[in-house]
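Descriptive analysis of the structure
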Amino acid sequence: MSPWAADKKGCLQYCRHFLADNSVFHIERCMSIMQSGTQMVKLKNGSKGLVRLFYLDEHRTCIRWRPSRKNEKAKITIDSLYKVTEGRHSGNFHRHAEGNFDPSCCFTIYHGNHMESLDVVTSNPEEARTWITGLKYLMAGISDEDSLSKRQRTHNQWMKQTFEEADKNGDGLLNIEEIYQLLHKMNVNLPRRKVRQMFQEADTDEHQGTLTFEEFCVFYKMMSLRRDIFLLLMCFSDKKDHLTVEELAHFLKTEQKMSNVTTEYCLDVIDKFEVSEENKKKDVLGVEGFTLFMRSPACDIFNPLHHEVNQDMDQPLCNYFIASSHNTYLTGDQLLSHSKTDMYAWVLQSGCRCVEVDCWDGPDGEPVVHHGYTLTSKISFKDVIETINKYAFVKNEFPVILSIENHCSILQQKKIAQYLKEVLGEKLDLGGVLTRDSKQLPSPMSLKGKILIKGKRLPPFLAADAEEGEVSDDDSADEIEDDFKLKQGSSNEATEHHVESCIRKKLDSLLKESKIGDKEDSESFTIKALLKATHGGLHMNLKQNSNIKEGGKKSQSCSFISNFSKHKKNGRSRSKSQSIEGEEDGQHDASEKGWGLAHRAGQRRKTIKLSRELSELVVFTNSVASQDVLEEGSAGNVLSFSETRAHQLVNQKLEQFILFNQKQLSRIYPSAYRVDSSNFNPQAHWNIGCQLVALNYQTEGRMMQLNRAKFLVNGNTGYVLKPQPMCKGAFNPFSEDPLPAYPKKQLVLKIISGQQLPKPPDSMLGDRGEIIDPFVEVEIIGLPVDSCKEQTRVVDDNGFNPVWEETITFTLHMPELALVRFLVWDHDPIGRDFVGQRTVAFSSLMPGYRHVYLEGMTEASIFVQVLINDIYGKWSPLVLNPSYTILHFLGASKGRQLRGFKSLFSKNPKNCSVDTNSGFYIRKRSVSDHILRRTASAPAKGRKKNKMGFTEVSNNIKENEPDTLSLEPPGKRKTNTVLTRPLSMPVDKLLNGGLELPSCKPVNDPEEKGTELIEN
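Since we're looking at a predicted model, the values are computed, not measured. (Residues numbered from 1 in each chain as written. Predicted model: local features only at pLDDT ≥ 70, side-chain atom pairs only at ≥ 80, totals over all residues. Heavy atoms only, no water.)

**As for the overall build of the protein**
The cut-off we apply is this: Secondary structure elements follow DSSP: runs of H or I no shorter than four residues count as helices, runs of E no shorter than two count as strands, and numbering proceeds from the N terminus. The classification of residues rests on relative accessible area computed with a 1.4 Å probe and restricted to protein chains. Under 20% of the type maximum is buried, over 50% is exposed, and intermediate values are partly exposed. Whether two residues touch is decided by their heavy atoms; if any such pair falls within 4.5 Å, the residues are in contact. Reported accessibility uses the Shrake-Rupley method at a 1.4 Å probe radius. Residues are deemed covered only where the shown protein chains occlude them.
When its secondary structure is counted, the protein shows 31 helices and 32 strands. When each of the 1016 residues of the protein is scored for burial, the buried share is 53%. A separation threshold of at least 6 residues defines the contact pool for the protein, and within that pool the share at least 24 residues apart is 70%. Accessible surface for the protein amounts to roughly 47,800 Å². Of this, 51% is attributable to carbon and sulfur atoms.

See below:
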């Protein structure tokens, strides 16, 4: 069965398990009622309920409501739905002033990446039941889809949505003016004459001058003709406009590097993607079908086999990177945001396998979970454990680590232990694993379905009958000294002074710590981000708590705001002066840091009392005092460090740190001064083998994108096997050649073209803004020696189908650690604007011609060719491009069709030689090389176009660029070399003399100049 096999019997077939309890008639009746609309009360924080008309759109793709200030943006897509719960489980129902709603009339819709909730109340239970049933049916259909079906569905939805948004007057038709506006929105820069011509060709019904949806689809296909893919098809089809079964198999084997390509597989491709019935009968794949196939999941850059577990899961836990969350319960910043049990459900189903639970004494003897010494809301510990128990193994069965930060009294610790045993039950039973080798940690496979409690254990010398004992109290909540903590108190001058002093110290510490902040994401660790996260949040907190009689919190909020207003003005100047002082006194600072560690070690440790009931639940993950820095102990001892302390250890005890990570677990969490819940760069800690790198999952951005890409490698199970050299033996991640005995990898990326790139998401003018000038940046994130970035030139005024045709090359020493990040930017005279990105682990890259779909976007993609070569010994394989072969086979007869694509696939890779005797030769790029380059066919705005023939372009390349075929560094004597290349195209015949190179000369026809080649 093909990997994209779709169920042809329609959407109902996706939901067989759901329809077991619901008849088709009942489901369709629910859909009809939902599309007709239902009046419901929408609950919001701190406001009265709003009566709104909720309805399911005609395409069954989103829930909408009206009236709303958001207009068309007032919607929730079915794709974004996480779950639907019946009853009054959300906090909004309990906080709402109007109070007692009938639970059978209430339900909550959870959606989005941050578990946003929509709480509604219907007028009767039947309406609520109808909506709950209908929404669960739609969600079940989406969850059962295969990748091809989802791709086709999202494309169809995108087409319908695009048509509806372009239909300004709502008559179901698009006139020529609406088409012009739509093309500008889609970054299409075509002459109006050409647009009118395609419009007239598509307008075939009796309503002349307008396009129906079906006609618009035809118009869109005409506009979206992919000449780069057409050229590729011509190369493999012997200049025909279609591929036979044999030619398709040849393409899949040689270029896409697919194994086990059978005739049946190729016929299946033709049957799935070919649109012409005549071509299907002939068993050939035409241009349109080939384009659909190339844009399908089968030709995505991500390896489809990596959607499932594909690594050895029988090694000790210390040999894996483990997806970890910091302060899992928080929905926003670290000072004021809400705590929700739903965050545990979300992160666990997102692949996270280590979650954090901060336990504090609560009212009525019931422990609560919240961020201590802050104004974050509190949730029940029992509710948290019940949520973890319910969702821990929904997506995969590999073990979950429960990191307990204990701040409770002995009585409430016993309550914690009681709830853990009652709720988790057999999931805590590790008897079968305990009988094995105790000198090393168990494997994820042996712990499937189990939950490990990470926490403190009573010392072994304590009497066996002792009910409690003292243990060290060092954890993330206590990274801030006592003077920094926000303690509850009465409204008096002393309390106000305390809070004021606390905030001042926070700001000063943030300034100092920002020196070692993530250089890749400078905006995530600044005073500006801190003020933005807290200043507005405190105003909101003050407003929400205006009716609360507790004067302590209110006075704290006022004190916070008054202090931030004082520091807001001079924060920037202080930052500059602080950085200057830091540069002058760098050595002094380093010595102070070293003294600080020793000083902390010499201090009397803080201790807390620990109950034996809770201690006995900790088996393989015993949290030990981090002052015992890197001392070798039991395999089950886990050390936790803030990013600051981990950075110090890397500088001072790198070798010990790496050896520790080969036998035991270490956990790295964000600095306590990241109060805006920003994230540090996890790659720096993965490079030294740290397993539990805890991030703030609620904060979307670059660092979470790296984290997602990292753990997608192994089926998103939350466990990724570390490279073997990191698990045993000496290893220095900062060396220029960390693995001299291992082969290296050469990654050659040919950035060919882009498709339907949107305007930047933060564009001030939105869809009315200028057509973008895109360029692509490719970044390697891995070991320091491997980390680098390259970019293409800028293409002016074309976001719909820009063509770059550029080749960039990278050499990787440890590819298993590397992430490849594709970024699309919009060039601006004063900077650049972010358009989109996609991050993929190097080990998940698929070779051949692939589409890189930008994350979170339906149609936006870039088209690339991926070549991966091993580098052994002295020489690296010379990778040749198929440019001459393509042009030779196509000849002059196709010149008119290839106008504007004269150099497609023609640029050779950059010098990528390796000399093991003299080290790696890496050509240093000059400053001018890094300046953004403009395409010859699309000059900068305001410049006159300068047409250049093919021979002129060739001469310029020869004059200005080094010989890209040379394998020797400058200054070395050239020697005869053996050129090797994987057999993929007739280039080998060309090198062996089997083919003659076509000579290039200008064409007499001025219209064809620079676009055709004439063979002698």
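**Quick look at the confidence of the model for the protein**
Inclusion rule: As a per-residue quantity, pLDDT reports the predictor's confidence and falls between 0 and 100.
Averaged over every residue, the pLDDT of the protein is 75; the share at 70 or more is 66%. Below pLDDT 50 for its whole length, residues 874-1016 participates in 219 contacts with residues either more than four positions away or in separate chains.

**Regarding the environment of Ser634**
Considering the arrangement of structural elements, one finds Ser634 in the loop between strand 20 (622-623) and strand 21 (637-642). Residue classification places Ser634 among the partly exposed positions, given a relative accessible area of 45%. Linking Ser634 and Leu441, residues 193 residues apart in sequence, is a C-alpha distance of 9.5 Å.

**So, the sheet that holds strand 28 (residues 803-812)**
To be explicit about the condition: Only strands joined by at least two bridges in the DSSP assignment are considered to pair. To define axes, lines are fitted to C-alpha atoms, for helices over the stretch in contact only, and angles between the resulting N-to-C directions are given on a 0 to 180 degree scale.
Judged by pairing direction, the sheet is antiparallel, and its four strands sit side by side in the order 28-25-32-31 without closing on themselves. In this open sheet, the two strands that pair with only one neighbour each are strand 28 and strand 31 (848-853). Averaged over all pairs of adjacent strands, the angle between strand axes in this sheet comes to 25°, irrespective of strand direction. As paired strands, strand 31 and strand 32 (residues 861-871) are joined by six bridges and run antiparallel to one another. The partner of Val852 across the bridge, within strand 32, is Ile862.

**Some details on the nonpolar core**
Applicable threshold: We call a set of buried Ala, Val, Leu, Ile, Met, Phe, Trp, Tyr and Cys residues a nonpolar core when their side-chain atoms join them within 4.5 Å.
Counting residues in hydrophobic clusters, the biggest one holds 78 residues, and the most contacted among them are Val357, Phe381, Ile388, Leu402, Leu420 and Ile451. Contact partners of Leu402, with chain neighbours within four places excluded, come to Val355, Val357, Ile385, Ile388, Leu420, Leu424, Ile451, Leu452, Ile453 and Lys454. Ranked by size, the runner-up nonpolar core spans 29 residues in total, among them Trp804, Ala818, Leu845 and Ala860.

**A look at the pattern of salt bridges**
Cut-off, in case you're wondering: We define a salt bridge as a contact between a side-chain nitrogen of Lys or Arg and a carboxyl oxygen of Asp or Glu at a distance within 4 Å.
For the structure on display, the rule yields 22 salt bridges. Residue Arg226 pairs with Asp228 through a salt bridge whose shortest N-O separation is 3.0 Å. Taking the shortest distance from any N to any O, the salt bridge between Glu806 and Arg793 comes out at 2.8 Å. Residue Glu806 is found in strand 28, and its partner Arg793 is found in the loop between strand 27 (788-791) and strand 28; the two are separated by 13 residues along the sequence. As far as burial versus exposure is concerned, Glu806 and Arg793 are alike and both buried. Salt bridges linked by common partners bring Glu700, Arg708 and Glu855 together as one network.

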